[in-house]
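Listed here are the chains, written in short residue letters.
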Amino acid sequence: QSVAQAPVNTRAIQDLDAAHYLHPFTDSKALASHGSRVIVKGEGIYIWDSEGKRLLDGMSGLWCMNVGYGRKSISDAVYAQMQQLPFYNSFFQTTNVPAVQLAAKLVEISPPQFNHVFFTGSGSEGNDTIVRMVRRYWDLQGYQGRHVIISRHNAYHGSTMAGASLGGMSGMHEQGGLPIPGIVHIGQPYYLEGGKGKTPEEFGLEAASWLEQKILEVGADKVAAFIGEPVQGAGGVIIPPSTYWPEIQRICDKYGILLVADEVICGFGRLGHWFGSEYFGIKPDLMTFAKGVSSGYVPLGGVLVGDRVADVLIEKGGDFNHGFTYSGHPVACAAALENIRIIQEEKLVDQVREDTGPYLKQKFEALADHPLVGAAETCGFVAGLVLVQKKAANIHDCVPFDSTLDVGMICRDHMFNGGMIMRAVGNRMIIAPPLVMTHAEIDELVTLIRVCLDATL
Ligand code: PLP
């Protein structure tokens, strides 16, 4: 199925693209040799390229298109706000109506410990804000040396210097002299990687114990915070065992360490709760958000600041010398307000928790019977397949795919030809589809995945 050809000369755009546009996370030389895919339109859960090919977007753009493409009410809200007040800063004792309303709305939908919001333009800027905010929190209380933040290998927290340092992507640390001082990492709670011979629950406790070990190694009086994604997204949809997060919470509480949840992917309904930390039953002191807050229609991010931190910053802090021109951008906030209104009106969070999430689980996890699939896992509306060369009864005994290139090729070529977007991370193939998917669309998604996998056999 295709839409009317958009007035785009694909070749001309690809040539200009190769000549001038340096893409994020891309080998520009390799890209120039085959040309970018030019995406021109989106509607619901589908996108179309400049050749008229329709693709089911299993990745919600980049984990963000929670309410789906083509929402006229969001573009109307953006248009109206642009006409009323396209921009004004909130640095110098001024504010704007959508930013205030959005802050209040975020407080309303978040757990009770959150009563304040700091806005940024992206998730990376949100995590930069975390670094400065947690260190300031301890400084203000006279603990000047308490600056170390503990994160995890294979975490993704963004691409700024602080965001990429918090992240645990070795490929990023190899470039640009990262991580910055005062950020250290522990192992990830990836059962399929480290859990051989243990139950998931045993492994979850073991992985959480690495935090306590690191705290003791660094010195508890030096550790400011621990940060983690409830489910690691860009690392390959790594869903921790159920014992992991409660034990992390216990350890943070024991040593008085701030617990930071990076909710950039897991927030706004993706795990069937407003925030992923609610799914795991933990109570963070700070939460970073972006992506689903505006479903990507306009860039927006920020930090939900719990009372423990906000009270100190406000009472003792004076000026917080931190902020971005676009903190609380009125157009972005207007888009987010309408986006959240849609999520509430269409009960998308409940729908994912009670209906479409369980349905996706049932259908997606049935892919585990495919000869190439060693494991199929879901959590709300994120899911991952582990590809193997040779199956075995126990996932830990499967012969793994030996090259990331093969999986990348499956996603780039077979999936694309089959009409869907799925992402390759190592030997995993992952999805994070729009939350608006119906049962019929989930059936279509799973059928497309199976057909694409068959095509690689
Ligand atoms: N944190 C997480 C968990 C993410 O997945 C991302 C982006 O994918 C970020 C932070 C960075 O957000 P942004 O790309 O908006 O800077």
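Where an unreviewed UniProt entry is consulted, the chain appears under the name Aspartate aminotransferase family protein, with the organism given as Undibacterium arcticum. The record in UniProt for the chain states the following under Sequence similarities (unreviewed entry): "Belongs to the class-III pyridoxal-phosphate-dependent aminotransferase family." UniProt lists a comment for the chain under the heading Cofactor (unreviewed entry), and it reads "pyridoxal 5'-phosphate".

Undergrad: So what's going on with the sheet that holds strand β6 (residues 183-186)? Residues and values would help.
TA: What links the strands of a sheet is backbone hydrogen bonding, and the strands pair in either a parallel or an antiparallel sense. On the basis of which strands lie adjacent, the open sheet formed by 7 strands has the order β4-β10-β9-β8-β7-β5-β6 and mixed pairing. Because the sheet does not close on itself, it has two edges, and the strands there are β4 (114-120) and β6. Put simply, the sheet's adjacent strands are angled 25 degrees from each other on average, direction ignored. In this structure, strand β8 (residues 258-262) lies alongside strand β9 (residues 286-289), joined through 3 bridges in parallel fashion. What sits directly across from alanine 261, in β9, is methionine 287. Helix α10 (residues 200-218) rests against β5 (148-152), β6 and β7 (223-228) of the sheet, and its axis sits at about 145 degrees to β6.

Undergrad: Quick one: what's the story with the packing of helix α5 (residues 97-109) against helix α14 (residues 330-345), residue by residue and with numbers?
TA: The N-to-C vectors of α5 and α14 enclose an angle of 40 degrees; their axes lie 8 Å apart at closest approach. For the pair α5 and α14, the sense of crossing is left-handed. Contact residues: α5 offers Pro98, Ala99, Gln101, Leu102, Lys105 and Ile109, while α14 offers Pro330, Cys333, Ala334, Ala336, Leu337 and Ile340.

Undergrad: Run through the environment of leucine 286, naming residues and quoting values.
TA: With respect to the element layout, leucine 286 can be found in strand β9. It is 28 Å that separates the C-alpha atoms of leucine 286 and valine 78, two residues lying 208 residues apart in sequence.

Undergrad: An account of the site of the ligand is requested, with residue identities and associated values reported.
TA: Around the ligand lies a shell of 15 residues, among which Ser122, Gly123, Ser124, Gly158 and Val264 are the nearest. Residues belonging to the shell around the ligand are distributed by class as follows: 5 nonpolar, 8 polar and 2 charged.

Undergrad: Would you mind going over the domain arrangement of the chain in detail, with residue names and values included?
TA: For the chain, the assigned domains are domain 1 (10-67 + 347-456) and domain 2 (74-345). Taking the mean C-alpha position of each, domain 1 and domain 2 sit 26 Å from one another. Contributing elements (two or more residues each) for the side of domain 1 that touches domain 2: α3 (60-63), α15 (348-365), β11 (373-379), β12 (382-390) and β16 (428-431). Considering each element in turn, the side of domain 1 that touches domain 2 owes the most residues, 5 residues, to α15. Considering only residue class, the side of domain 1 that touches domain 2 consists of 18 nonpolar, 7 polar and 3 charged.

Undergrad: Describe the confidence of the model for the chain, listing the residues and the values that go with them.
TA: With 98% of its residues at a pLDDT of 70 or more, the chain has an overall mean of 95. Ranking the elements of the chain by mean pLDDT puts helix α16 (residues 404-418) last with 73 and β8 first with 99. Interface scoring of the predicted complex returns ipTM 1.00; its pTM is 0.97.

Undergrad: Tell me about unusual backbone geometry, residues and numbers included.
TA: Residue proline 179 is reached from leucine 178 by a cis peptide bond, and omega for that bond is -5 degrees. Looking at where proline 179 falls in the secondary structure, it is placed in the loop between α8 (170-173) and β6. Of note, the phi angle at phenylalanine 25 is positive, near 45 degrees, even though the residue is not glycine. Examined against the element boundaries, phenylalanine 25 turns out to sit in the loop between α1 (10-20) and α2 (28-34). In this structure, serine 60 is a non-glycine residue whose phi angle is positive, near 45 degrees.

Undergrad: So, α14: which residues are in play, and what are the values?
TA: Its 16 residues give α14 an end-to-end C-alpha distance of 22 Å, which sits within 8% of 22 Å, the value for a rise of 1.5 Å per residue. Among the 16 residues of α14, 12 are classified as buried, and the element is accordingly described as predominantly covered. Those residues of α14 that sit buried are Pro330, Val331, Ala332, Cys333, Ala334, Ala335, Ala336, Leu337, Glu338, Asn339, Ile340 and Ile343. Directly beyond the C-terminal end of α14, a positive phi value near 50 degrees is found at lysine 347.

Undergrad: Kindly report on the nonpolar core, identifying the contributing residues and their values.
TA: Ranked by internal contacts, the top residues of the largest apolar core, which has 132 residues, are Val134, Ile149, Phe226, Leu258, Leu286 and Ala335. With 9 residues, the single largest contributor to this core is α14. Built from parts of two domains, this core gets at least three residues from each of domain 1 (10-67 + 347-456) and domain 2 (74-345). Setting aside its immediate chain neighbours within four residues, phenylalanine 226 contacts Ile150, Leu211, Ile248, Cys252, Ile257, Leu259 and Val260.

Undergrad: Before we move on, could you go through the packing of helix α6 (residues 123-140) against helix α13 (residues 307-316) and cite the residues and values that matter?
TA: Running from N to C, α6 and α13 point in directions that differ by 65 degrees, and their axes come no closer than 10 Å. In terms of crossing hand, the pair formed by α6 and α13 is left-handed. Of α13, the residues touching α6 (which contributes Met133, Arg136, Tyr137 and Leu140) are Val309, Val312, Leu313 and Lys316. Looking at the contact of α6 with α13 residue by residue, the classes come out as 6 nonpolar, no polar and 2 charged.

Criteria and cut-off values
- Residues numbered from 1 in each chain as written.
- Predicted model: local features only at pLDDT ≥ 70, side-chain atom pairs only at ≥ 80, totals over all residues.
- UniProt positions renumbered as here; feature names shortened; annotations may be inferred.
- Pairing = 2+ DSSP bridges.
- Helix = DSSP H or I, 4+ residues; strand = E, 2+ residues; numbered from the N terminus.
- Axes fitted to C-alpha atoms, helices over the stretch in contact; angles between N-to-C directions.
- Contact = placed C-beta atoms within 7 Å.
- Left-handed = near helix turned anticlockwise from the far one by under 90°.
- Near = placed C-beta within 6 Å.
- Nonpolar A, V, L, I, M, F, W, Y, C, P; charged D, E, K, R; others polar.
- Domains from an automatic or database assignment.
- pLDDT = per-residue confidence, 0-100.
- Expected span 1.5 Å × (residues − 1).
- Buried ≥ 20, exposed ≤ 12 C-beta atoms within 10 Å, placed from the backbone.
- Core = buried A, V, L, I, M, F, W, Y, C linked by C-beta atoms within 7 Å.

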